[in-house]
Each structure stands twice: as structure tokens, then as C-alpha cells.
There are 2 protein chains.
Amino acid sequence: MTFYSELSPSPRTIMTPGPVEVDPRVLRAMSYPILGQFDPEFTSLMNDAMEMIRAVFRTDNQWAFPVDGTSRSGIEAVLVSLIEPGDKVLIPIFGRFGYLLQEIAERCGAEVTVLEKTWGQVFDPEEVISAIHREKPDLVAIVHGETSTGRIQPLEEIGKACRELDILIVVDAVATIGGVPVETDDWCLDAVIGGTQKCLSIPSGMAPITYNERAERKVLRRKRVEKGIRQAGDGIQTGGLDGFSPVRSNYFDLSQLQDYWSPRRLNHHTEMTSMLYALREGLRIVLAEGLDARFARHRLQEAALIAGLTKMGLSLYGDASCKLPVVNCIDIPPGVDGESVRSMLLDSFGIEIASSFGPLKGKIWRIGTMGYSCSRKNVLHLLGALEAVLVRHGVRVPQGLGVQAALDVYDQVPKIT
Amino acid sequence: MTFYSELSPSPRTIMTPGPVEVDPRVLRAMSYPILGQFDPEFTSLMNDAMEMIRAVFRTDNQWAFPVDGTSRSGIEAVLVSLIEPGDKVLIPIFGRFGYLLQEIAERCGAEVTVLEKTWGQVFDPEEVISAIHREKPDLVAIVHGETSTGRIQPLEEIGKACRELDILIVVDAVATIGGVPVETDDWCLDAVIGGTQKCLSIPSGMAPITYNERAERKVLRRKRVEKGIRQAGDGIQTGGLDGFSPVRSNYFDLSQLQDYWSPRRLNHHTEMTSMLYALREGLRIVLAEGLDARFARHRLQEAALIAGLTKMGLSLYGDASCKLPVVNCIDIPPGVDGESVRSMLLDSFGIEIASSFGPLKGKIWRIGTMGYSCSRKNVLHLLGALEAVLVRHGVRVPQGLGVQAALDVYDQVPKIT
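Bear in mind that the values here come from a model prediction, so they are computed numbers and not experimental data.

A. The arrangement of helix α10 (residues 291–311) of chain A in detail. For α10 of chain A, built from 21 residues, the straight-helix expectation of 30 Å at 1.5 Å per residue is met to within 8% by its first-to-last C-alpha distance of 30 Å. Looking one or two places after α10 of chain A, you find Gly 313 of chain A, whose phi comes out positive at around 90°.

Have a look at this one:
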């Protein structure tokens, strides 16, 4: 038998657009002994998590719970539950994760129409709204914060237009939840998916979601109860009646998940106990900081980082008017091997930054300022390290000035660290 | 804002058929700071996990990795990737989780034929083999260990019959992996799904799976690469060519998952870093104990528990010849409120045992002897506590004899604790 070494991960400063560093209190929460999934003490923690998700998503929705999987599991659960084969779905795309929405919707059997925007920009809401009037889709799916390009899409007008036309709107807020305002109710969003491993600073593994009664109505008419746990009085059981098709997935069927998360606790999967501890603790920390204070901290670290990078002579990628505050995209200077810079940052300084995908691969670096990683200490460490590494790669950088520029920004707001 | 209390779960002795107690070394592993998903140090841990899954599943398959979700996510990933709509699927059912296979296969669009066995029994392999000859399915899906009834299905002859007829066989070994032999290669099983939260004693959250080249061939002809990350030379991109339909799920598409787990590391989801730490550490502990020693420990604790329960005058549910060694089902004595007994065990003794589902609800208790929970200390604690609680519920139990009977069993094998 091969002998495997003891786990001993090296310390890292993680400045990617996710996963980012996890608050030590969340790490500690995962080390607590587990409870059984139907232990009243555990179901009480599940209820806490639901309440806290509502607060973070700023919604009064009844349904607010995690899907047990990574962020895209939450997206797929919402889409596969809300899209019946043949439904018309409109997807405005301005980066990689828009294509993911398209991909999932197509696999759900939707007739998908896309609007595509040049990467680095977002849509004028009026463009989307006129497409909605033209296409009359059953559902609109759209990304809020695109980590692939570092852009943020204004959603309020689009959400309200969908509500007026009685069209469902689903929002991927994986990158924004906990770092940038996501106003589920005020913006009239019917279903919103968040991510744990970005601004919430919880390890990847759960996807908190919320959806309202409009979405629930669509889910419930496709309801089906597992035969192995059916009891007299379960009512609708077979799905597909009255022309409504059952949800194509069991794991992602929101009608079953909401029964599991309801007081009835109808058995579905075995809840991820340790991840639920992490989720509850991470949300508790977010709410203790306060959402508005948290957003302000993210804006400050962004300002300091951008000041430093600019002073170093680096140029920012994309349209500044729609920059996502928690992701900072830099054009890789001409002649520089972006991957070599990333490797040296990791190997010598213990800092991880990200490359990018598709058309931007090799062209930009992406630096995250998210959650627990979004700190003064990390921004300053990164600026100093990046300068040193760029110099070692032959780039002419004014030495020492990047860190000084960031310190100047911090001098104006001494209390946020 | 509501104030939420600090996490502080009560200590529990968890004797259910999962989730069960987690080895403290695994809990500790989850409390380590995370690494980025593409950090070479992290991908090296991913590779370790793959090797260890191969060892635990006793296979030389290239593909052996976790699906990021609870156990049923692994089942759905395998079925949705291997079943094309219209495929004929044969499912022999002898408990709740057989119905789950049926449910998932139907949602995948399969034409499902089931064989049903009275709960408490399993199939004579010849019954299944003759059904296979009769039905000529594209795929057979079957449960190895049924926790709902506490039975284990012999698979070797069925696996070999499928291989001879070139039919794929998929096995749900969620309850057995790590506690009872699962011989993936020797039994000619094409795809096997394990569970973490049972005999492996890792928290729920990942589903280790393995599949061979026969299964891979079927997956690859349905391959499709996400548009947002496509590059020149990716070859097949759209799926659905040549009459093969693309996999209906993105999250569960094994062709994408295996690209992510290959040296190419093609981006898919964000790997669950902390759960991967837990998986690697849990498998490391299993392999350090040794599979055969681990199986022997499970058999011994079963023998001691059964000796004690029998001495107490309790009767065991189901056909003894196919008893699943890691789940012990007891008929609830006439006139006893099973839920009241369970509550008192939990509230006064901190012990959790399970009820059951569907036709067995209210009729049996199920006691797990799995993984870290499968210990001499736990078996003796449970026997003493159950006796006391039954006496408080008016059941005439010979006092003190159950624990003594278990001690007699342990006297014969003093070294296993």
C-alpha cells in the first residue's frame, strides 16, 4: 500500500475571484463533531441558516436554503426546476458565466435566445427590456457579477420589467452576494443563487438560494414524491399530469428540497452537516459585521488596490462604469508571461491570483477582493509582491509607489482594516 | 437584527445507518486553511484522493473521483451520464433506495423495468439474470446494501452476467463501501457509487464514484464542452451529433467532470476544498486500518450487538441469510411507541438510532454499526441505554444480560475495539 503523508497545506494569501480565504471561525465550526440530520438540535441550525440567508439576500421569501453542491449546483437546481422542456428562455450574456446559464438551460430542454455583449461591458437595461418585449420568454436568466470579466450588471429595471410582464427572472449572484448589494425583493427577482466561496468566505460546497411564490407555483405543479417514502395523503405523486412535466432531476428538484427544508422534513438527501455548520457560522459573521459595513469594506479595499495598481503603471481591463467592485482585472503587460508571474507570486510570496477563460486567457490577470481575503493586509502584501515579481520579469515599475498609493487611500479611512 | 448563538453542538453517539460519527482526524482536516482549486498543492491532494478511491473500491479504473454533493448526487451523475432518453433500464428493487434508482432513471428519460422483492429479502442472482436475458436492457442499476431494510444483495454473478451480454451495470454501494467488501473489478461492475457519511465516517458532502472504460465510452460519445471555456482543438463541442444526445445535466456530466479530474484540469465547478481535505483524510485512515481489518471490525461489532439484542429478547427484522452487516433492524415490540424510545435515547443518553421509511415506518428501528461509530464502546453504551429505555417504556427486558452477552463476544476477540 502506498503511504500517504499527513495533510499539511501551505499558508496562502488567496486573491482570486474565488475560492478565497475562509474565516478561521468558519474553519473551526467545521471541526465540531457532527449531529444527525434529523436531530432536533441540527434542524434548529438548519432553520437558523434559512433565516440568515433571507437576511443576506434581503428577502422575505419563505424559501431560502442551500443546495448541497458547489455554486453551479444551485444554478442548475433553480433552472431545472423552473424550466419545462420547450419553455422560452432569454439569456443576456456578457461573460463566461452567461454561457453557463445558456448551457444549463439548453440541457433543461429550453428554447434559448441569447443576447451577447462584448466581454468587458454590460447591457444597458433598456436593451434587455426591449428584447424581453420582443421575445416574450417564459423566463429570463442573467448573471449579476461576472467574475470572468469583472463586470456588474444593473438588475433593478430588468427585474421590474419582468414582474410587469409576469415573466420569471433568475439571477446568478454567486460572485456578488455578501460583497455587493443584492436586493432580491426590491429588484423583483424571482430566484437568486449565491455562492459560498467568494464574498461569504465559506468553503465551496453549498449554494444558498432563494425563490418567491411566483417561482414556487411553477415548481409545485411539477411536484412528485419519491415512491420509497410516499405515504397516504401525499397527494400529487406521479408528476406529468395536466400537461406539466416532472422535473428532470431528483437531486435538484426544488419541490422535494423545500419539503426537506420545511417543518415536515420529508427525507431527501443527507444534509451536509459540516458544511451546514460552516454556512451558518459564515453567515453569522457576515450579519455581525453588517451588510452595509461589509459592502463599504469591499469598496475601500478595491479603491486602495486600484490606486496601487494604477500607480504602478498597470492598466485595468474593461469598461470602468460597470466594474464589479470585488474583482479587479489587469491587462497583462505586453511581452510578459502571465503564467510565469502567477507562479512566482505563488511560489515565492504564497499569493494566488487568477488568470482568465476563453477569449481573455493569457490577456488579463484577475485579482479578487472578496470576503475574508478582502483586507488591508492582503492588498498591501499583494501590491508589494506584484511589484517585485514584475521587476523580476523585466517590467519597468516605479518601485515602492504602489504600496504608498494604497496607504494614502487607507489614511482617509483609518478604521476599516 | 436577530442575534444568533455560537455554534455548540451537543456530543452524540450516532448509531444510525448514516450519517455516523466522524473520526476527529477528519474533523481536524476540515479546519485547515484552504488552498485554491488550481494550486498545485491542492491538485496533488486531488490526485491522492483518486488513488485512494481506487484502493477502497478495489479497482484499476482510471476514473475514480468524488462528485461534489451528497451520495445521491453520485448516483444521479452516473445515471444521467450513462442513460440516454429511451434507453432500457432494468432495476431490481428490494427497498427504498431501489425506488430512488427507479425515480432517477425515469427522470433521465429511461424506459424502466423493475423487479420487486418483498422488503426484508434480496434477489437470488438467477432471478435477476433471467430477467436480464428476457428484457435485454441497456443498463442494470442495483443497490448493494439497502439501509432501509438492512439487506445486502450478492452482485458477483449478476455483474459477470452483464459483462457477458455487454450490458452496463451500475451499483449503489453507498452503504457498503468501507464496511463490507465491494469488489468493483472482480465482480465486473461498470460504475459504482459510494457514500462518505456511512462506513467511511466522513461528513456527508461528497460521493466517491468509479467507472470503467465501458462506461466511459458511452459518456464520451455524448461529450460537450462549455462554450465559455472552449478552445481551438477541443473537438466535439455541441453534443447530439450522430444521434447521441448530450447529457441532460451540466453539473453531473461525467465527461466534463473527468476533464476536471484529469491532468488537463478543464474548469468545471469549484472543487469543495474542505470536503476534499476530509475525503482524503478519511480514506487515508481507512487504508491505514486496512480494508480487511476494517471489515473484520464491522463483523465483530455486529456480532456483539446482535448477541446483546437477542439476549434482551428483541427480534431482528428480515431474512438473516442476507443481513447487511452494518445495519441492524429490530422489530419494535408490540405496544411500544418507537418514536418515544428514540427520543428518550437521544435526550437522556445522547444516542441516536433510526426509524424507517414507507411500509416499515413505525415497525422497525435501525441501528447502524458503521465506521468510526462501529466501536466496542458504542455498542456497549447502546445496549445498556436501550435496555433502560425499554424498561421505562414498560417492556419486560432481562436486566443486565444484553451487555453481558456482548462482552462474551468481545472476550473471544480481545484485540479489536
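Next comes the rest of the write-up.
B. Expanded view of the interface of chain A and chain B. Counting residues at the interface gives 89 residues for chain A, matched by 88 residues for chain B. Taking both sides of the interface into account, the surface hidden between chain A and chain B amounts to around 7,500 Å²; carbon and sulfur atoms contribute 55%. Of all residues in chain A, Tyr 4, Leu 7 and Arg 107 of chain A bury the most surface against chain B, accounting for 12% of the area lost on that side. One salt bridge connects Arg 12 of chain A with Glu 41 of chain B, and the closest N-O pair in it is separated by 3.5 Å. For the pair chain A and chain B, the number of links is 38 residue pairs in polar contact (both at pLDDT 80 or more). Elements represented by at least two residues in the side of chain A that touches chain B include exactly α1 (24–30), α2 (40–57), α3 (71–82), α4 (96–107) and α9 (273–289) of chain A.

C. Seen up close, the pattern of salt bridges. Residues and elements named next belong to chain A. The full count for this structure, using the stated rule, is 47 salt bridges over all chains. We note a salt bridge from Asp 190 to Arg 214, for which the minimum N-O separation is 2.6 Å. Of the two residues, Asp 190 is situated in the loop between β8 (168–173) and β9 (191–194) and Arg 214 in helix α7 (residues 213–220); the sequence distance between them amounts to 24 residues. The burial state of Asp 190 is the same as that of Arg 214; both residues are buried. Overlapping salt bridges bring together Arg 163, Asp 166, Asp 190 and Arg 214 as one network.

D. Seen up close, the sheet that holds β8 of chain A. Residues and elements named next belong to chain A. Reading across the sheet, the seven strands line up as β2-β10-β9-β8-β5-β3-β4 and stay open at both edges, with mixed pairing between neighbours. Strands with a single pairing partner mark the edges of an open sheet, and in this sheet they are β2 (63–67) and β4 (111–116). When the angles between neighbouring strand axes are averaged without regard to direction, this sheet yields 20°. Bridge analysis of strand β3 (residues 88–93) against strand β5 (residues 139–143) gives two bridges, and the strand direction is parallel. Bridging from a neighbouring strand, Val 89 pairs with Leu 139 of β5. Those strands touched by α7 are β2, β8 and β10 (207–211), and its axis lies near 105° from that of β8.

E. Looking closely at the sheet that holds strand β4 (residues 111–116) of chain B. Residue and element names in this part refer to chain B. In space, the seven strands of this open sheet follow the order β2-β10-β9-β8-β5-β3-β4, with mixed pairing throughout. The open sheet has two edge strands, β2 (63–67) and β4, and neither has a second partner. Averaged over all adjacent pairs, the angle separating strand axes in this sheet is 20°, with direction ignored. Relative to strand β9 (residues 191–194), strand β8 (residues 168–173) is paired through four bridges, and the arrangement is parallel. For Ala 173, the partnering residue across the bridge sits in β9 and is Gly 194. Seen against the sheet, helix α2 (residues 40–57) touches β2, β9 and β10 (207–211) and runs at an angle of roughly 105° to β2. Packing against the sheet, helix α5 (residues 125–135) makes contact with β3 (88–93), β4 and β5 (139–143), and its axis sits at approximately 160° to β3.

F. Summary view of the side chain of Ser 274 of chain B. Its location among the elements puts Ser 274 of chain B in helix α9 (residues 273–289). Look past the residues within four positions of Ser 274 of chain B in its chain and what remains in contact with it is Met 30 and Pro 203 of chain A together with Met 30 and Ile 34 of chain B.

G. Expanded view of the relation of the copies chain A and chain B. Overlay of chain A on chain B (RMSD 0.0 Å): rotation 180°, translation along the axis 0.0 Å. In short, the pair behaves as if placed about a two-fold rotation axis. Measuring from the rotation axis to each C-alpha of chain A, the shortest distance belongs to Gly 69 of chain A, at 2.4 Å.

H. Spotlight on the pairing of β5 of chain A. All names here are of chain A. Within β5, five of the five residues are buried, leaving the element largely enclosed by the surrounding structure. Residues Leu 139, Ala 141 and Val 143 point to one face of β5 and Val 140 and Ile 142 to the other, with burial holding for every one of them. Across five bridges, β5 lies against β8 in parallel orientation. When the sheet's bridge partners are listed, Ala 141 is paired in β8 with Val 170.

I. Spatial organisation of the domain arrangement of chain A. Residues and elements named next belong to chain A. Per the domain assignment, the segments making up chain A are domain 1 (23–286) and domain 2 (290–412). Relative to domain 2, the C-alpha centre of domain 1 lies at a distance of 31 Å. If you look at the interface, domain 1 gives 30 residues, while domain 2 gives 27 residues. Regarding the contact of domain 1 and domain 2, the summed buried area is about 2,200 Å², with carbon and sulfur atoms giving 63% of it. Considering only the surface of domain 1 that becomes buried against domain 2, Trp 119, Arg 151 and Val 286 emerge as the three largest contributors, covering 23% of it. Run the count over domain 1 and domain 2 and you get one salt bridge. Across the pair Asp 292 and Arg 58 runs a salt bridge, and its minimum N-O distance is 3.0 Å. Run the count over domain 1 and domain 2 and you get 14 residue pairs in polar contact (both at pLDDT 80 or more). Contributing elements (two or more residues each) for the side of domain 1 that touches domain 2: α2, α4, β6 (145–146) and β7 (151–152). The class makeup of the residues in the side of domain 1 that touches domain 2 is 13 nonpolar, eleven polar and six charged.

What counts and how
- Residues numbered from 1 in each chain as written.
- Chains lettered and ligands numbered in written order.
- Predicted model: local features only at pLDDT ≥ 70, side-chain atom pairs only at ≥ 80, totals over all residues.
- Heavy atoms only, no water.
- Helix = DSSP H or I, 4+ residues; strand = E, 2+ residues; numbered from the N terminus.
- Expected span 1.5 Å × (residues − 1).
- Contact = heavy atoms within 4.5 Å.
- Buried area = accessible area lost by both parts, 1.4 Å probe.
- Salt bridge = Lys/Arg side-chain N within 4 Å of Asp/Glu carboxyl O.
- Polar contact = N/O pair within 3.5 Å; in protein donor to acceptor, adjacent residues only side chain to side chain.
- Buried < 20%, exposed > 50% of the residue type's maximum accessible area, 1.4 Å probe, protein only.
- Pairing = 2+ DSSP bridges.
- Axes fitted to C-alpha atoms, helices over the stretch in contact; angles between N-to-C directions.
- Least-squares fit on C-alpha atoms with pLDDT ≥ 70 in both.
- Domains from an automatic or database assignment.
- Nonpolar A, V, L, I, M, F, W, Y, C, P; charged D, E, K, R; others polar.

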